[in-house]
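# Structural description and commentary
Here is what each chain is made of, one letter per residue.
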Number of protein chains: 4
Amino acid sequence: MDASLLIIQPTASDPIYRQIVDQLRRLIASGQLVSGETLPSVREVAGFHAINPMTVSRAYGLAESEGLLERLRGKGMVVAARRGGGDSEAERLRLLEPALLDLSRKAQELELAAAPVLERLQQLLGTP
Amino acid sequence: MDASLLIIQPTASDPIYRQIVDQLRRLIASGQLVSGETLPSVREVAGFHAINPMTVSRAYGLAESEGLLERLRGKGMVVAARRGGGDSEAERLRLLEPALLDLSRKAQELELAAAPVLERLQQLLGTP
Amino acid sequence: MDASLLIIQPTASDPIYRQIVDQLRRLIASGQLVSGETLPSVREVAGFHAINPMTVSRAYGLAESEGLLERLRGKGMVVAARRGGGDSEAERLRLLEPALLDLSRKAQELELAAAPVLERLQQLLGTP
Amino acid sequence: MDASLLIIQPTASDPIYRQIVDQLRRLIASGQLVSGETLPSVREVAGFHAINPMTVSRAYGLAESEGLLERLRGKGMVVAARRGGGDSEAERLRLLEPALLDLSRKAQELELAAAPVLERLQQLLGTP
DNA sequence: GTGGTCTAGACCACA
DNA sequence: GTGGTCTAGACCACG
C-alpha cells in the first residue's frame, strides 16, 4: 500500500486519527487492502501528509486493537488475516450506514424530497 | 415555545450549544417553530436545564448569525422570517452537497455499486 | 407629522431610540419637519410601531436635550425654532458624513474600485 | 503574523472580539495576511493584549465560521484558502448593498440631491 | 425584564 | 503545544 492512498483533511471536524482508521476499515472491507499486505511506516505516512507521526501511530494502534492490523516485529504493520479477500456487499453496506443516516437526517432537516437527493447521489456515484 | 421542548444531553459528544442550534434548525425546518414565534429566554432555558446562561446565549447567538433567529431588542429572540417560504429545492440541495460528497467518497472506498447504496438511502428517506 | 413617517427596524444593530433621534435630525435638517410642527405623541408612535413607549420617550428626551425638539406644556413636543426652514446643503451633507465614511471604509475593505460603487449608489439615489 | 499587528481598544464601543474579527477581515482583504499564514495563538494574543483567552477564542471561532480562518488541529489557526483569488467584483458589490441602501435612505431623508453625495463619496474613495 | 460582554479558572481532545 | 467547552459571577445597554 502506498501512503498516497489515504486522504487526509486536516480541517475536517473528524480528528485525523479517526479519518485514518475509518479509511483503513473501508479499504480492507473492499479488498483494496488484502491480508498480509504491509502498510507504509508511520514516518512515511506522516511525512507524505505533513501530519504528526504521533497521530499516525495512534491510528495504527487503534486499528490494531480493532483487529484490522497486526504488528509484525521487524516488518511493521500488516493487514490482519481475514476470512476472505473482502467483506460481502451487505457487510460493506453496513459500514456505510452511519454516513447514510447522517445524510438522510440532513436531507430531512432540509425538507428535501427523496428524488432529487437520489438523483444527485447517482451522478456522484456514476463518475468515480 | 417552551423550554422543555429542547432536549439537552450533557454527556453527549456534541457540545451543548450545538445541540441547541441543531434542534432549533430542525424545529424550524419541520414547522414546529414558526416565524415570529418567541423563544424562551436565555435565563429560562438555562434554569430549566441547569446549564450556564452563557452556553444558551452562545447557541442563540449562533442561531442568529445563521439566520434562524432574530433578536428583538429588550424582548428576546424570535424565529426569523423565512425569505419567501423557504429556500428553493436547488438551494437546499446545494446545502446537502458536502454530505453527498462525503458519502460518495466512502461508498467508493468500499467499492460498493451504486444500486444498493441508492436503494438503502431510498428506504431511509421514505420513512421520516 | 405622522407616526408613519418614521422607519423603525427592531432588529437593526442601532438601538431603536437612536434610530428615532437620527431620523428626526435628518427630517428637520431637510425641512420635512418645520419649526413649531407638533410631533405625534409618545403613545401614538409607540402604538403605531409596536415598540415600548419608554423607548420613544427616551428618544424625544434626547432630541430635546439636543435642541431639536421643545416640550410645550399641554401641546406635547414640537419642532424647535430654527433659523431657516432647513439646513444648507453643506450642513445636510455633514450629517451624512458618518454614513459616507462607513460606506467608504467597507468599500475599501472589499477592495472595490470607486466606479462600480458610485454607479450603484447613483441608481439607488435616482429612484427614490 | 505577530500579535502586535492587532490593535485592541478596550474602551471602544465595539466589543473586543469584533474588533479582532474586523481587523482580520481587513488584513486578509488587503493582502497583509495571505492564505496559509499562521496566526498567533489564542494564548499569545490574549497575553500580549492582557485580555481573556476566551475573548480571542471567540473572535477566532467567528472568523472561522465566516470562512476567514481555518483550524488546523493541534497546530492553530491559519488564513483560509481564498476561493479563486478573491470574490468577483459583482460579489463584493453585493456585500456592500446593505450599506448602500442605508446611505441611500439617509440621503433621501436629508433631501440631498445625488450629485453632492456622489461627489463627496468619490473624494473619500479616492484617498484610501 | 431581555441579551451582550468580559473575566478567571477549570477540564478536555487533539497533535 | 493547540483550540474547545463549560461554569460562576460580574457589569452593561436596551426596553
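Residues numbered from 1 in each chain as written. Chains lettered and ligands numbered in written order. Predicted model: local features only at pLDDT ≥ 70, side-chain atom pairs only at ≥ 80, totals over all residues. Heavy atoms only, no water.

Taking an unreviewed UniProt entry as the reference, chain A is identified by name as Putative transcriptional regulator belonging to Frateuria aurantia.

## Some words on the protein's contact with DNA strand E
Residues in close proximity to DNA strand E total 28 residues, the closest being B:R43, D:I16, D:Y17, D:N52 and D:R58. Considering DNA strand E, the proportion of its atoms within 4 Å of the protein that are sugar or phosphate atoms stands at 69%. Contacts to DNA strand E include D:T55, whose side-chain N or O atom sits 3.0 Å from a phosphate oxygen. For the surface near DNA strand E, the class distribution of residues is 11 nonpolar, 9 polar and 8 charged. (Near = heavy atom within 4 Å. Polar contact = N/O pair within 3.5 Å; in protein donor to acceptor, adjacent residues only side chain to side chain. Nonpolar A, V, L, I, M, F, W, Y, C, P; charged D, E, K, R; others polar.)

## Looking at the relation of the copies chain D and chain C
If you rotate chain D by 178 degrees and push it 1.4 Å along the axis, it lands on chain C with an RMSD of 2.9 Å. Read as a symmetry element, the transformation amounts to a two-fold axis. Proximity to the rotation axis, assessed at the C-alpha, singles out D:L118 in chain D; its C-alpha lies 3.2 Å from the axis. Comparing interface residues between copies, 94% of those in chain D also lie at the interface in chain C; the contact surface is shared. (Least-squares fit on C-alpha atoms with pLDDT ≥ 70 in both. Contact = heavy atoms within 4.5 Å.)

## Re the side chain of D:Q23
Residue and element names in this part refer to chain D. Note that Q23 resides in helix α1 (residues 16–29). Here Q23 falls in the buried class, since its relative accessible area comes to 11%. Of note is the side chain of Q23, whose polar atom sits 2.6 Å from the backbone oxygen of I7. In contact with Q23, other than residues within four places in its own chain, are L5, L6 and I7. (Helix = DSSP H or I, 4+ residues; strand = E, 2+ residues; numbered from the N terminus. Buried < 20%, exposed > 50% of the residue type's maximum accessible area, 1.4 Å probe, protein only.)

## So, the protein's contact with DNA strand F
The local shell around DNA strand F holds 28 residues, among which B:I16, B:Y17, B:N52, B:R58 and D:R43 are the closest. Among the atoms of DNA strand F close to the protein, meaning within 4 Å, 69% are from sugar or phosphate groups. A distance of 3.4 Å separates a phosphate oxygen of DNA strand F from a polar side-chain atom of C:Y17. D:V42 places a polar main-chain atom, nitrogen or oxygen, 3.0 Å from a phosphate oxygen of DNA strand F. Elements with a contribution of two residues or more to the surface near DNA strand F: α1 (16–29) and α3 (53–65) of chain B, α1 (16–29) and α3 (53–65) of chain C together with α2 (42–49) and α3 (53–65) of chain D. Of the residues belonging to the surface near DNA strand F, the class tally is 11 nonpolar, 9 polar and 8 charged.

## Focus on the side chain of C:R92
Along the chain, the position of C:R92 falls in helix α4 (residues 89–109). Notably, C:R92 is buried but unbridged: the nearest opposite-charge side chain belongs to C:E89, and the N-O separation is 5.1 Å. In this structure the side chain of C:R92 is engaged in a polar contact, spanning 3.1 Å, whose partner is the backbone oxygen of D:L110. Residues in contact with C:R92, not counting those within four places in the same chain, are C:A29, C:S30, C:D87, D:L110, D:E111 and D:L112. (Lys, Arg positive; Asp, Glu negative; His and termini not counted. Salt bridge = Lys/Arg side-chain N within 4 Å of Asp/Glu carboxyl O.)

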